[in-house]
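Listed below are the residues making up each chain.
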Amino acid sequence: MALMPKRVKYRKQQRGKSKGTSLSSNLNFGEFGLKALETAWMSDKQIEASRVALMRHTGRAGKLWIRVFPDKPITKQAAETRMGKGKGSPVGWVAVVKKGRMIFEMEGVPHDMAREAFRLCAHKLPMKTKFISRGGNH
């Protein structure tokens, strides 16, 4: 099942501006984290793919926090449609991830295992990321 809100006030949303930095930029839950170094839209599929990559590598050990949620609807016009005729139908959901945002946090696994898991996870994401740990960035 894809990540998406249970219900929303409006079916369609404007795209918005992708400037500024995130306010939630610290490790709040776990020992290790993955931080966004660029602003991007993360789709529900990308979040799920990176979560699966993390879980596979760690053997479901430790605890994982997903700090982003896709609550922005994305619309698309049907293929081969002429310009105009209004806004398209909603096709998916994205999380707006600003620069500096903590995307995932994890604890209960060794440092090198967490680093490798987050490296695999980062390949599934549409932006550059950085591995963060509580004891400094080794």
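Below, the structure is looked at part by part. Keep in mind it's a predicted model, so treat the numbers as computed, not measured. (Residues numbered from 1 in each chain as written. Predicted model: local features only at pLDDT ≥ 70, side-chain atom pairs only at ≥ 80, totals over all residues. Heavy atoms only, no water.)

Regarding a positive patch on the surface
- A surface patch of positive charge is lined by Arg 11, Lys 12, Arg 15 and Lys 87.
- Inspection of the secondary structure puts Arg 11 in the segment before strand E1 (32-36).
- For Arg 11, a relative accessible area of 55% corresponds to the exposed category. (Patch = residues over 30% accessible without salt bridge, like charges linked within 9 Å, V, L, I, M, F, W, Y side chains within 5 Å. Areas by Shrake-Rupley, 256 points an atom, 1.4 Å probe, with all protein chains shown as cover. Salt bridge = Lys/Arg side-chain N within 4 Å of Asp/Glu carboxyl O. Lys, Arg positive; Asp, Glu negative; His and termini not counted. Charge placed at Lys NZ, Arg CZ, Asp CG, Glu CD. Helix = DSSP H or I, 4+ residues; strand = E, 2+ residues; numbered from the N terminus. Buried < 20%, exposed > 50% of the residue type's maximum accessible area, 1.4 Å probe, protein only.)

Some remarks on the nonpolar core
- Core analysis: the biggest nonpolar cluster contains 24 residues, and Met 42, Ile 103 and Phe 104 have the highest contact counts within it.
- Secondary-structure elements contributing two or more residues to this core are E1, strand E2 (40-43), helix H1 (44-58), strand E5 (89-97), strand E6 (102-107) and helix H2 (111-122).
- If you tally residues by element for this core, the top one is H2, at five residues. (Core = buried A, V, L, I, M, F, W, Y, C linked by side-chain atoms within 4.5 Å.)

A look at the pattern of salt bridges
- With the rule as written, the count across this model stands at three salt bridges.
- Taking the shortest distance from any N to any O, the salt bridge between Glu 105 and Arg 67 comes out at 2.2 Å. Of the two residues, Glu 105 is situated in strand E6 and Arg 67 in the loop between strand E3 (63-66) and strand E4 (72-76); the sequence distance between them amounts to 38 residues.
- Residue Arg 67 is classed as buried on the basis of its relative accessible area of 14%.
- With a shortest N-O distance of 2.7 Å, Glu 116 and Arg 119 are connected by a salt bridge. One end of the pair is Glu 116 and the other is Arg 119, both in helix H2 and three residues apart, which spans about a single turn.
- Taking relative accessible area as the criterion, Glu 116 reaches 28% and is therefore assigned partly exposed.
- A residue is classified by how much of its surface remains accessible, and Arg 119, at 43% relative accessible area, is partly exposed.

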